[in-house]
Every structure is written in C-alpha cells, then in structure tokens.
Protein chains: 2
Amino acid sequence: MHKEHSLTKNQQIIFDLIDKSTEPLKAYSILFNVQKKGIKAPLQVYRALDKLVEIGKIHKIESRNAFIACHNSSCQVAKATAFSICEICEKVTEISSAGLSKYLANFKDKDGMKYSKYNLEFFGLCKKCR
Amino acid sequence: MHKEHSLTKNQQIIFDLIDKSTEPLKAYSILFNVQKKGIKAPLQVYRALDKLVEIGKIHKIESRNAFIACHNSSCQVAKATAFSICEICEKVTEISSAGLSKYLANFKDKDGMKYSKYNLEFFGLCKKCR
DNA sequence: TAGTTATTGTTATAATATAACATAGTGTAA
DNA sequence: TTACACTATGTTATATTATAACAATAACTA
C-alpha cells in the first residue's frame, strides 16, 4: 500500500477535470476550463499538474504535451507507464499489461542496467479509425 | 534497403551539428549554433528537424524536447525507438536490442492490436552517475 | 520547358512552461 | 500555543518551444 495523498483545492479541481475527460487535456485547455473556479494563471495549473503526476494520479503523454488520469488501478508504480495513441483521432489508452511491465522492468541494456522507470508510447490506429 | 535521402543544405548543416554532438540538442540551441551559417529563423530549424526525423536520421527525445542522431545502423524502422536517459547528467543513449524491438513489435494490446511504431524512454542513472 | 513539388526565407504569433517574489495555510515539536 | 519548517497559493513577468501565412527559389519530372 502506498500513502494516500489528500489533494489540495487546486489539485482536486484540476484532477476532477482531467478524470472526467475522455481525452488527454492540455495545460492551457485546463486553464481555460478552470478559470471560472478561480484558477487564473498558468503556473497554478502547472503546479497542480506537477504534483498530480508526481503522486501518480495523472500521467503526461509526452509526445502530445497532454495529461490523462491514471486508469490503472494496480498502478503502484506510477513511473512505469505505457499508452497507445491513435494517429488519426488522437485517442489515448493506458495499457496495463502485467507481461509488458514485467518485460520492461526486467529488461537489461548492454551494460546490464535495469530500469524501473519508463514511458512507452505506441502509435497506430484505434479500432474505430482502422 | 531503403531509399537514400540526399540532404539539402539546411538539413545537412543541422544534421552535422546534431551528429557531432555528444548530447541531445534543443531546437533553439541548434538555431544559435547555426546562425553563423545563415540559418536565422526557428522555422528553418524546425523544418529541417521535421524532415530529418521523418527520414530517420535523427530522433526526438520527447520527454526532453531534444534531438539526437540515430546511432542505430540497423535501424530500418526509424519509427521504433528506445532510449535510456540519465536523470542526473541527462545523458541519452539509443538502445538497439533485437530482443526488445521484437518484443515490442509483437506486443498485442487487449484488443489484439499490434504496433510497429513506438517510442520508449527508460529513466535511471547512467554508469557514471550511479 | 512548362508544370509540379519540395525547399527556403521572412515576419509574426501561437502554444507550452518556468522564474521570481510575496502571502497564506498546515503540520509539528518545544 | 507559539515558533519553526514546509507546502501551497496568488501574481506578474518572461522564457522556451513550435507553427501560421505568404513570397520566392530551386529541383524534379513528364
């Protein structure tokens, strides 16, 4: 079990928005959407995002500069992430595969080095766009 | 064999710079370094970078917004990339492992979908920083 | 050699992210 | 309960990364 983090007001507002979204959200789109709730500046958004990423409640899709809620309930290791990204509709799905995460966590590079932290982004076409 | 691409002047200048570098280069750092060669605007850099990425001569390190020359001579599939990134010194190394690329190319998600295109970034500490 | 396409040059601006500093709340230990 | 450390907040300004729009030029090709 890992420690439960109680979110602060800004963190909660921003997490709720991302969690309800069906697609990854970008920082300035988040900012626009929470301005009515009193969050007025980019930095307020980025600070909340940083914290949410740190505690594993959300993930950043690096190739898209966008944020998605973690839907991997067994994701103790928030730092080992994998996604599939549709190149047409931009749908992003978090992949939770025990086999994959086991393979990657055990992968050794040429120097015999292992990595518990990684980010993998697969690109292709989703069911609908195929 | 895949088609040989002869680089244009700007592409060659920018590729040479990245290829000689021991670390990933950022777009505006590249811009600064090639201004003496007549490349004055960001767009000239980004256009060359886009093309170089497209033809597989360089790769973008998404989590760092930086570019590195492809050192994987057998890398026919420029779109299937893996790197290790040192979280202290930021050293980036391209991983060329037949096993890894085979595993990832054959990986099937829950819908049975396979992906020939992916980007994997491992994070950890390099030899020196360990 | 005309037509097409890719590349270049240029200015302006959009989108993403952080620096710096002041203030306020929260937990905790003497 | 007060002083301390720590985290979060609010705010303005600015840095960094990337693209839009348009004109001109070079390279390819039928």
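Look above for the structure.
Rules of the game
Residues numbered from 1 in each chain as written. Chains lettered and ligands numbered in written order. Predicted model: local features only at pLDDT ≥ 70, side-chain atom pairs only at ≥ 80, totals over all residues. Heavy atoms only, no water. Pairing = 2+ DSSP bridges. Helix = DSSP H or I, 4+ residues; strand = E, 2+ residues; numbered from the N terminus. Axes fitted to C-alpha atoms, helices over the stretch in contact; angles between N-to-C directions. Core = buried A, V, L, I, M, F, W, Y, C linked by side-chain atoms within 4.5 Å. Buried < 20%, exposed > 50% of the residue type's maximum accessible area, 1.4 Å probe, protein only. Contact = heavy atoms within 4.5 Å. Salt bridge = Lys/Arg side-chain N within 4 Å of Asp/Glu carboxyl O. Phe/Tyr/Trp six-rings, centres within 6.5 Å; stacked < 30°, edge-to-face > 60°. Near = heavy atom within 4 Å. Polar contact = N/O pair within 3.5 Å; in protein donor to acceptor, adjacent residues only side chain to side chain.

Peer 1: Before we move on, could you go through the sheet that holds strand 6 (residues 117-124) of chain B and cite the residues and values that matter?
Peer 2: Strand pairing in a sheet takes place through backbone hydrogen bonds and is either antiparallel or parallel in direction. If you trace the six strands from one edge of the open sheet to the other, you get 5(A)-4(A)-6(A)-6(B)-4(B)-5(B), paired in mixed fashion. With partners counted over all chains shown, the strands left at the sheet margins are strand 5 (92-94) of chain A together with strand 5 (92-94) of chain B, one partner each. The sheet shows a mean angle of 20° between the axes of neighbouring strands, taken without regard to direction. Judged from the seven bridges that link them, strand 4 (residues 80-86) of chain B and strand 6 of chain B form a sheet pairing that is parallel. The residue of strand 6 of chain B that forms the bridge with Ile85 of chain B is Phe123 of chain B.

Peer 1: Any chance you could break down the nonpolar core for me, citing the residues and the numbers?
Peer 2: Counting 21 residues, the largest nonpolar core has Leu100, Leu120 and Phe122 of chain A together with Leu100, Leu120 and Phe122 of chain B as its most contacted members. Broken down by secondary-structure element, the contributors of at least two residues to this core are helix 4 (98-106) and strand 6 (117-124) of chain A together with strand 4, helix 4 (98-106) and strand 6 of chain B. When neighbours within four sequence positions are excluded, Phe122 of chain A is seen to be in contact with Phe83, Ser84, Ile85, Ile95 and Leu100 of chain A together with Leu104, Phe107, Tyr115, Lys117 and Tyr118 of chain B.

Peer 1: Can you tell me about the pattern of salt bridges, naming the residues and giving the values?
Peer 2: The full count for this structure, using the stated rule, is eight salt bridges over all chains. For Lys51 of chain A, the salt bridge goes to Glu54 of chain A, with nearest N and O atoms at 3.7 Å. Within this pair, Lys51 of chain A and its partner Glu54 of chain A are both found in helix 3 (residues 42-54), separated by three residues, close to a single helical turn. Across the pair Lys117 of chain B and Glu87 of chain A runs a salt bridge whose closest N-O atoms are separated by 2.5 Å. Of the two residues, Lys117 of chain B is situated in strand 6 and Glu87 of chain A in the loop between strand 4 (80-86) and strand 5; the pairing between them involves two chains. For Lys117 of chain B, a relative accessible area of 23% puts it in the partly exposed group. Here Glu87 of chain A falls in the partly exposed class, since its relative accessible area comes to 35%.

Peer 1: Could you give an account of the packing of aromatic side chains, naming the residues involved and the relevant values?
Peer 2: Taken as a whole, this structure holds nine aromatic pairs over all chains when the rule is applied. Note on Phe122 of chain A and Phe107 of chain B: the rings are 5.5 Å apart at their centroids and 5° apart in plane angle, and the pair reads as stacked. Of the two residues, Phe122 of chain A sits in strand 6 while Phe107 of chain B sits in the loop between helix 4 and strand 6, which places them in two different chains. We classify Phe122 of chain A as buried; its relative accessible area is 0%. Seen from their ring centres, Phe122 of chain A and Tyr118 of chain B are 6.0 Å apart, and the 70° between their planes marks the pair as edge-to-face. Pair noted here: Phe122 of chain A is in strand 6 and Tyr118 of chain B is in strand 6, and the two residues belong to different chains. A residue is classified by how much of its surface remains accessible, and Tyr118 of chain B, at 3% relative accessible area, is buried. Three or more aromatic residues link up through ring pairs in this structure, and these residues are Phe107, Tyr115 and Tyr118 of chain A together with Phe122 of chain B.

Peer 1: Can you lay out the protein's contact with DNA strand C for me, pointing to particular residues and giving the numbers?
Peer 2: Close to DNA strand C lie 16 residues; Lys26 and Lys60 of chain A together with Thr8, Gln44 and Arg47 of chain B are nearest. Take the atoms of DNA strand C that sit within 4 Å of the protein: sugar and phosphate atoms are 43% of them. Between Lys60 of chain A and DNA strand C, the recorded distance is 2.7 Å, taken from a side-chain N or O atom to a phosphate oxygen. In this structure, a phosphate oxygen belonging to DNA strand C sits 3.4 Å away from a side-chain N or O atom of Lys40 of chain B. Secondary-structure elements contributing two or more residues to the surface near DNA strand C are helix 3 of chain A together with helix 1 (9-20) and helix 3 (42-54) of chain B.

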